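Summary of the model geometry
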Amino acid sequence: MGNTWFVLALVTVLLPNSVVSFSTKTITNISTDRLALLSLKSHVNSDLLTTNWSTATSVCNWIGVTCGSRHQRVRALDLFYMNLSGIIPPHLGNLFFLSWLDIGNNNFHDSLPIELANLRRLKSISLSNNNFNREIPSWFGSFAKLQTLSLNGNNFMGVIPSCLFSLSKLELLSLSGNNHRGQIPVAIENLSNLIYLLLDDNKLSGSIPSSVFSISSLVGIDLNTNQLIGSIPSIQLNISSLERISLTFNNLTGHLPPNMFDYLPKLKGLYLSYNQLSGRIPLGLFKCQELEELSISFNKLEGIVPGEIGNLTTLKILYLGDNHLKGNLSLQQFLAYGCNIKGSIPREIGNLSNMINLDLDNNEFSGFIPTTIGRLRNLQRLSLQGNNLEGSFPTALCNLKSLAFLYFTGNKLAGRIPSCLGDLVSLRYLYLGSNKFANTIPLTLITDILKLNLSSNSLSRTLPIDIGKWKVVTSIDFSQNQLSGEISRSIGDLIDLTNLSLSGNRFQGSIPESIWSLIGLQVLNL
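Overview of the structure. (Residues numbered from 1 in each chain as written. Predicted model: local features only at pLDDT ≥ 70, side-chain atom pairs only at ≥ 80, totals over all residues. Heavy atoms only, no water.)

Notes on the overall build of the chain
Per the secondary structure count, the chain includes three helices and 41 strands. The C-alpha atoms of the chain give a radius of gyration of 32 Å, which is well past the 24 Å a tight globule of 526 residues would have. Along the three orthogonal principal directions, the C-alpha set of the chain runs to about 100 × 65 × 35 Å. Each of the 526 residues in the chain was classed as buried or not, and the buried ones make up 49%. (Helix = DSSP H or I, 4+ residues; strand = E, 2+ residues; numbered from the N terminus. Rg over C-alpha atoms; globule rule 2.2 N^0.38 Å. Buried < 20%, exposed > 50% of the residue type's maximum accessible area, 1.4 Å probe, protein only.)

Next up, the structure:
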C-alpha cells in the first residue's frame, strides 16, 4: 500500500470527479510549507499565531511546528488546545512531508478540504473536540500509513465509511461523540493491528458484529451510549491483550455468552450496565483474575450471585444493583482508595454481607453514608476518609459488633457523635477528625479504645470526667475544638498514653500534676 501508483489509483477510484495534486514531478521546498501555514493562519482567529508565526523567523521555529532533520520540511503540526477558531484551508494539503497532525480541542468548523488527501505520509491525525460536520470523507482511505485516527467530539454524521477499513496499519480509531448512524461494519475485522476501538456516544444501531471480537490485538472496546440491540457475540479467539469492554447504555438482550471470558485473561474493566441482559452470571467471568471494575447493574440478570466472585481479589469497583439476583456475596475485602470516584456510596453496598474490610478513602464521594452499611455484621474495618460525605453519623453503624477500625477523617459530617458508639465492643481505633461534629464527647466510649482522634471539629463543654477509664489508650487527639473547663486529673491514670494533644481549645486552670506521671508520654501538645 506504500506504492505511489497504487495510492494514485485508489484515489482515482474514490474521487473520480476530483483533482488531487499528487504529481511526483512537482518541486516543493520549505517555502511551500510556509505558504501553506500562512494560509492556515489567515483562516483562523488566533492572537498566538498572529504573533508567533512571523515571516521574519524560520517556519521550523514557529510554535506547534516541527521540521524533519533530513529535509528540513514540516513533519509535525501540533496545535492542540490553542484556542483556535476558523476553518481548514485547502493549502494545508501542500504539507507533503507531514506525518503528524493534531488540531484537537479547538473550534475549527465546516467541512474538511479534499486537498488533505495529498498528505499521504500521515501516520497520526487528531481532529478531536472541534465542530467539523458532514460525513467523514471517503478520501480518508488514501492515508495508507495512518496509525491513529481521532475524530471524536465533533458533529460528523452518516454511516461509518468503509474506506476506513482499508487502513491496515490503524491502531487507534476514535469516532466517539459524533452523530454516526447505521450499523458497525463487519469489515472492521480488516483492521488487524487495531488496539483501541472507540465508537461510544453515537447513534449506531443494529447488532454488534462478531468481527469486533476477531481482532487479537485489541486492548479496549468502547461502544457505550448507542442504540445497539441483539445479544453480545461469543468470542472464539484468545484476545490476551483485551483489558476493557464497555457496552453500557444500549438495548442489548439475551444471555452473556458462557465461554466469553475463557478468552479474556487480561480483562480489567467490564461495563454492561443499563441494558436488558438476562440469564445468570457465567462462572467463566471469575476466571478474569485481573478484573478491577465490574458494572452489570440495571439489567435483568437473575439467579444466585456465584460465590466465586470472591476469587476476584483485585476487584475495586462492583455494581450489581437493579437486577433479579439473589444470595449473599462472599466478597470480604473491597479496596477502592484514591480512585477519584464521584457520586454517592450506593445503598446496595449493604448486600456484601461477608465484607470484612471496606476502604473507600480519598475519593470524591458525596451525600450521606448509607445506613445499609449497618447490615455488614462481619465488618472489621471501615474507612471513608478524605471524601465529601455529609449528614450525621448513622446510628445503624452501632450494630457492627465486630468493627475494630473506624476512619471518617476529612469529611463534612456534622451533629453529635452518637453515644451508641459505646456498643461497639470491638472498637479500638476511632478517627473522626476534620469534620463538623458538635456538642460533647460521649461518655460511653468503650474502655478498650487504643487510638482516639476527634480533632478539628466543633466539640464543646468539658472533657469526660472519667476519661481515666480508657486504661489501654495510647493516643488521644482532641485538638482544635471548643472544649473548655479544666483538664481532668484522671488523665494521669492513662498509663499507656504516648501521644496527648489538647491544643486549640479553651481549657482553663492548671495542668494536672498527674500528667507528669505518664512516663511513656512522647508527645504532649497543650
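Observations concerning the sheet that holds strand 30 (residues 388-391)
Adjacent strands of a sheet pair through backbone hydrogen bonds, lying either parallel or antiparallel. With respect to topology, eight strands assemble into an open sheet ordered 26-28-30-32-34-36-38-40, the strand pairing being parallel. Either end of the sheet is taken by a strand with one partner, and the two such strands are strand 26 (342-343) and strand 40 (506-507). (Pairing = 2+ DSSP bridges.)

Focus: unusual backbone geometry
Residue R134 is not a glycine yet carries a positive backbone phi of 70°. Its identity as a non-glycine residue notwithstanding, N362 has a phi of 55°, on the positive side. Within the secondary structure, N362 sits in the loop between strand 27 (357-359) and strand 28 (364-367).

Here we look at the nonpolar core
Judged by nonpolar contacts, the single largest core of 148 residues is most densely connected at L77, F140 and F478. Among the elements that line this core, the one with the most residues is helix 2 (residues 30-42), at three residues. In this view, F140 contacts L112, I125, L149, L151, C163, L164 and L167; residues no more than four positions away in its chain are not counted. (Core = buried A, V, L, I, M, F, W, Y, C linked by side-chain atoms within 4.5 Å. Contact = heavy atoms within 4.5 Å.)

Remarks on the sheet that holds strand 7 (residues 124-126)
Taken in spatial order, the 12 strands of this open sheet run 2-3-5-7-9-11-13-15-17-19-21-23, and their pairing is mixed. At either margin of the open sheet sits one strand with a lone partner, and together these are strand 2 (65-67) and strand 23 (317-319). Adjacent strand axes in the sheet meet at a mean angle of 10°, parallel and antiparallel pairs treated alike. Relative to strand 9 (residues 148-150), strand 7 runs parallel, the two sharing three bridges. Each bridged residue has a counterpart across the sheet, and for S126 the counterpart in strand 9 is S150. Contacts between helix 2 and the sheet are confined to strand 2 and strand 3 (74-78), with strand 3 contributing the most and set at about 15° to the helix. (Axes fitted to C-alpha atoms, helices over the stretch in contact; angles between N-to-C directions.)

What about the packing of aromatic side chains?
For the coordinates displayed, the defined rule picks out 13 aromatic pairs. Ring centres 6.4 Å apart and planes at 0° place the aromatic pair F108 and F132 in the stacked group. Of the two residues, F108 sits in strand 6 (residues 107-110) while F132 sits in strand 8 (residues 131-135), which places them 24 residues apart along the sequence. Taken individually, F108 and F132 each receive the classification buried, so the pair is uniform in this respect. Ring centres of W139 and F140 lie 5.2 Å apart, and the angle between their planes is 20°; on these two criteria the pair is classed as stacked. Residues W139 and F140 agree in their burial class; the two are buried. We note R121 situated over the ring of F97; from NZ or CZ to the ring centre the distance is 4.2 Å. (Phe/Tyr/Trp six-rings, centres within 6.5 Å; stacked < 30°, edge-to-face > 60°. Lys NZ or Arg CZ within 6 Å of the ring centre and 35° of its normal.)

Re a positive patch on the surface
Side chains of R75, K123, K145 and K169 sit close together on the surface and give a patch of like positive charge. Inspection of the secondary structure assignment puts K169 in the loop between strand 10 (155-158) and strand 11 (172-174). Under the relative-accessibility criterion, K169 is labelled partly exposed at 44%. (Patch = residues over 30% accessible without salt bridge, like charges linked within 9 Å, V, L, I, M, F, W, Y side chains within 5 Å. Areas by Shrake-Rupley, 256 points an atom, 1.4 Å probe, with all protein chains shown as cover. Salt bridge = Lys/Arg side-chain N within 4 Å of Asp/Glu carboxyl O. Lys, Arg positive; Asp, Glu negative; His and termini not counted. Charge placed at Lys NZ, Arg CZ, Asp CG, Glu CD.)

Details of the pairing of strand 16 (residues 227-230)
Bridge count for strand 14 (residues 205-206) against strand 16 is two bridges, and the pairing is parallel. Paired with S205 across the bridge in strand 16 is Q227. In this sheet, strand 18 (residues 251-252) lies alongside strand 16 in parallel orientation, the contact comprising two bridges. Opposite G230, over in strand 18, you have L252 as the bridge partner.

A closer look at helix 2
With 13 residues, helix 2 ought to run about 18 Å at 1.5 Å a step, and its terminal C-alpha atoms sit 18 Å apart, in line with that. Next to the buried residues of helix 2 lie strand 1 (44-45), strand 2, strand 3 and strand 6. At the N-terminal end of helix 2, a side-chain oxygen is found 2.9 Å from the backbone nitrogen of S31, two or three residues along, and the residue is N29. (Expected span 1.5 Å × (residues − 1). Polar contact = N/O pair within 3.5 Å; in protein donor to acceptor, adjacent residues only side chain to side chain.)

What about a nonpolar patch on the surface?
A contiguous nonpolar patch, built from I511, W516, L524 and L526 and spanning about 380 Å² of accessible area, is present on the exposed surface. With respect to the helices, strands and loops of the structure, W516 is situated in the loop between strand 40 and strand 41 (523-525). Judged by relative accessible area, which is 53%, W516 ranks as exposed.

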